[in-house]
Amino acid sequence: AGREEAARPGLKRHTPSMLTVCTGRRCSSHGAAALLTALSLSPPPQMAVRGVGCSGACPPGRVVVCEGPDCPGPCILLSAGDAGAVKRSAAEARRSVRPRCSSPAMSAGGGGSPLRRVGAAALATAAGGVVVANGLFGVLDNTGDELADLLGVDEVPPAAVAAVRLLQPLYEPLKAVSPSCTEALYPEFNEVNDWNDCSLLPRRVFWRPGAPPLLIRQTMTKANMWEASTGSAVWGGGIVLSRYMEELGSAFWEGKRVLELGTGTGLGSVTAAKLGAARVLATDRDGKVLALAAQNARANGVGGTVSAASLSWGRPGPEAADSPLAQSWDVVIGADVTYNRDAWPVLFETIEAARVPCLLSASERRPNELASLQDAMRKAGLAVELVDSPMRNGYGADKVKLFWVRAPHGPTQEGAGKGREGILSVTGV
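This write-up is about the structure you can find in this document. (Residues numbered from 1 in each chain as written. Predicted model: local features only at pLDDT ≥ 70, side-chain atom pairs only at ≥ 80, totals over all residues. Heavy atoms only, no water.)

### What about the state of the cysteines?
Using the criterion set out here, one finds one disulfide in the structure. There is a disulfide in this structure between Cys181 and Cys198, and the S-S distance comes to 2.0 Å. Taking the sign of the S-S torsion, about -95° here, the bridge from Cys181 to Cys198 comes out left-handed. Of this pair, Cys181 sits in helix 8 (residues 179-182) while Cys198 sits in the loop between helix 8 and strand 6 (203-208); the two residues are 17 residues apart in sequence, bridging distant segments of the chain. Comparing Cys181 with Cys198, the two get one shared label, buried. (Disulfide = S-S within 2.5 Å. Helix = DSSP H or I, 4+ residues; strand = E, 2+ residues; numbered from the N terminus. Buried < 20%, exposed > 50% of the residue type's maximum accessible area, 1.4 Å probe, protein only.)

Given below as structure tokens:
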């Protein structure tokens, strides 16, 4: 029954790393493999998120799949459109889960061994902390204002602000794994120029389907955020680019030679290497940023594939025989490299000089910015195909687009007039 539901066209698929299945009055936390067995899904269909809590009984005739160990937040409901199929799936799940839930110790906290009670309490506390952290925007940047907004007051006492700042070592790892940071739900700064806490975390976590997450170090802090290079933190466009690269899959990236423009923290380069690229060159103008990208590549086990080099944009002259643009590449990538309109002409020259398809992720921070960017590319003689963001909600879904771009000359010419499929076909897919 679950396979029938999963086979319906138009459904995206993913396998979360930890899920909870509610099939009656209790929930049972267990890994994704147990969930797949219980529901006979491979993998479970990803449906619309609704505000339904799992703390009480599950809706009749439904199997509720909740993110997190105790389901304090929204749940994903498997559609009950085919009532018979859903009931059979629910029955299978109940049979699988019941042994885990039958003990009274597994109910609202009583009984069981002390170790299990402590573990359950710790998981519940961590899950609650992630939910709270997910809803915060700029508590690291402007603690007082953020607290005042949360409490609905004009001002909070300095002692309260100091107390909250003492919790920063606990807050940072919870924030790092919250969807607001992993899914690019919020912009980098709000209308009053408060910085998004995600940009100020020392490390970021980015989930990968069926693989360990990427751990990316950032060097932007509250103390240096207005002076540090924009490349010292991961921006929303970088998250969208990495996710889209994952969706293209290793079949696309295997064996490719990849050049990244404006690498920043190196997230795009690390993603390409993890997906099987044979060689990746991360480029930027800032030496500190290049060192950060190289460090992140080593920390994620791809230091042998990813190297870093300085690159100034523009069409290289005849004396630039050692320029990265003079080397052979299969794909160029870049994220959030279009925020400065004055740099568009030299960016376009760089793309043309590379003579291979270029995948850019661009964020709209001003009205009609992406439409203007597309128009400018076409006036520069570049062929452009827009692709929607793979993100489902928030800033990354609404304000970020992907651009497949190719120059009018060189090996990409055979893809002319074929849209994105033509652009991809010339790179071997």
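### A word on the nonpolar core
Met245, Trp253, Ile333, Leu359 and Trp404 are the most contacted members of the largest nonpolar core, which has 36 residues in total. Listing elements by their share of this core, those giving two or more residues are strand 7 (211-217), helix 9 (236-248), helix 10 (250-253), helix 11 (267-274), strand 9 (279-284), strand 11 (331-335), helix 15 (394-398) and strand 14 (400-406). With six residues, helix 9 is the single largest residue contributor to this core. With 27 residues, the next largest nonpolar core counts Leu325, Ala362, Ala376 and Met377 among its residues. (Core = buried A, V, L, I, M, F, W, Y, C linked by side-chain atoms within 4.5 Å.)

### Describing the sheet that holds strand 13 (residues 383-388)
Pairing between the strands of a sheet comes from backbone hydrogen bonds, and it takes one of two forms, parallel or antiparallel. Reading across the sheet, the seven strands line up as 10-9-8-11-12-14-13 and stay open at both edges, with mixed pairing between neighbours. Every interior strand has two partners, whereas the edge strands, strand 10 (306-310) and strand 13, have only one. Recorded for the sheet is a direction-independent mean angle of 25° between the axes of neighbouring strands. Here strand 11 runs beside strand 12 (residues 358-363); their pairing, made up of four bridges, is parallel. Across the sheet, residue Ile333 finds its bridge partner in strand 12, namely Leu359. Sheet strands in contact with helix 14 (residues 369-379) are strand 12, strand 13 and strand 14, and its direction is about 5° off that of strand 14. (Pairing = 2+ DSSP bridges. Axes fitted to C-alpha atoms, helices over the stretch in contact; angles between N-to-C directions. Contact = heavy atoms within 4.5 Å.)

### Observations regarding unusual backbone geometry
The phi torsion of most residues other than glycine is negative, and most of the peptide bonds are trans. With a phi angle near 55°, Asp336 is a residue other than glycine that sits in the positive phi range. Its location among the elements puts Asp336 in the loop between strand 11 and helix 13 (344-354). Backbone geometry at Arg355 places phi at a positive 60°, although glycine is not the residue there. Tracing the chain through its elements places Arg355 in the loop between helix 13 and strand 12.

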